[in-house]
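# Report on the structure
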Amino acid sequence: RRVVADFRFAHEGRVIAPTSSIGLVAFDATEGDFAHLFAQADAACFTAKELGGNRVQMASGGDRHMHDRRSAMDWAVRIGDAIEQGRLRLYAQGIAALKPVAEPHLRHFEVLLRIEDPTTGELLEPGPYIAAAERFRFATRIDRAVLALTLDWFDAHPTEAAEVGLIGINLSGASVNDDEFAQFIEERLAHSNLPPQRLCFEITETSAVRDLAQAQRFIQRIRALGCKFALDDFGAGFCSFSYLRSLDVDFFKIDGSFVRDVHTSPLALAIVRSIAEIARVMRKQTVAEYTESETIRSHLVALGVDYAQGFAIERPRPLDTLFAPPDPTAMRHAS
């Protein structure tokens, strides 16, 4: 560290004085694994940077900040391993029309991701690893994998593909800002039998507004293929409605925090009503996330919401079983 700090060199008329930040972890060669050790060292290095740099930081199990950073890094390594080893699993959750539609026999659903634990076989929920993926720039890699797996599955199941009305696929903010990802979508759809019109890419309101011009370019480029778009978690960011004219999306997915309380909170009711009205004026459609009861569903119908998604509609299940006939025994058990 001192050697680096003492070094100087000239560049374009300036004298550059570099410094280094070092994360240090002590370990026994017979204990632990690479992912855990690397996560500890990375967390210590990140802490050294945040404390001003030009220092060596020893990993400490009692440091909460380092623990959080280490946990995120550990997830990032696990994500990379899962992609390489084919341990990503696709689930799906149905989306039901609350109004009459032209083709009621076609299925509308969102693709959800699970990661299979290599030790236990448990399918892990997305919450912890999505934040880690975005933090360590794995998000676009996950988006590529999910899109490829989805298209591969329907290419291999043409009968089920014929029953698809619309497939919702989540995209990270990093993917929206990546021109190479847009090119990947174009190339992948060119070699798939699934019509682009059957795909709806979901981007969060906050990620779209973060770089509005780039989001506009991305949406225009992919819509030119025939794909649709939805603004996910709509309303959660309380962003200005003024940007909506600039984003050519087809759906507003109303944030579940409002939908969940629509039958008990006058404020949530007013917000959902206003979003539904704005959507009608703009000739967009609305999808209410977290529709968890028939009471909520009836309120949404009264408010003029177009679609509902949640446990009252359908619980997430493996994509392989989505098109299977319902099991009467399971239905009686659930009721």
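Structure shown above.
Attention here is on the structure that accompanies the text. Keep in mind that what you see is a predicted model, and the values were worked out from it rather than measured.

For helix α12 (residues 266-281), spanning 16 residues, the distance from its first C-alpha to its last is 22 Å, which sits close to the expected 22 Å at 1.5 Å a residue. Of the residues making up α12, those classed as buried are Ala 268, Ile 271, Val 272, Ile 275, Ala 276 and Ala 279. Seen end-on, α12 carries its buried residues on one side only, within an arc spanning 130°. In α12, the exposed positions angled more than 90 degrees off the buried face are occupied by Pro 266, Leu 267 and Val 281. Tucked into the core, α12 has its buried residues touching β10 (228-234), β11 (251-254), α11 (256-259), β12 (285-288) and α13 (294-303). After α12 finishes, the residue Arg 283 shows a positive phi value of roughly 60°.

To continue, consider unusual backbone geometry. In this structure, Asp 233 takes a positive phi of about 55° despite not being glycine. Within the secondary structure layout, Asp 233 lies in strand β10. Taking the relative accessible area as the measure of exposure, Asp 233 reaches 29% and is therefore partly exposed.

Together, Ile 22, Leu 24, Val 56 and Met 58 line one region of the surface with nonpolar side chains, adding up to about 310 Å² of accessible area. Within the residue set of the nonpolar patch, elements represented by two or more residues are β3 (21-24) and β4 (55-58). One can find Ile 22 in strand β3. Judged by its relative accessible area of 32%, Ile 22 is partly exposed.

Here the focus is the pattern of salt bridges. Evaluation of the coordinates by the stated rule reveals 14 salt bridges. Beyond isolated ion pairs, a larger network of salt bridges with shared partners links Glu 110, Glu 202, Lys 253 and Glu 289.

Rules behind the numbers
Residues numbered from 1 in each chain as written. Predicted model: local features only at pLDDT ≥ 70, side-chain atom pairs only at ≥ 80, totals over all residues. Heavy atoms only, no water. Helix = DSSP H or I, 4+ residues; strand = E, 2+ residues; numbered from the N terminus. Expected span 1.5 Å × (residues − 1). Buried < 20%, exposed > 50% of the residue type's maximum accessible area, 1.4 Å probe, protein only. Arc of directions from axis to C-beta. Contact = heavy atoms within 4.5 Å. Patch = residues over 30% accessible without salt bridge, like charges linked within 9 Å, V, L, I, M, F, W, Y side chains within 5 Å. Areas by Shrake-Rupley, 256 points an atom, 1.4 Å probe, with all protein chains shown as cover. Salt bridge = Lys/Arg side-chain N within 4 Å of Asp/Glu carboxyl O.

Purely geometric numbers; function is a separate question.
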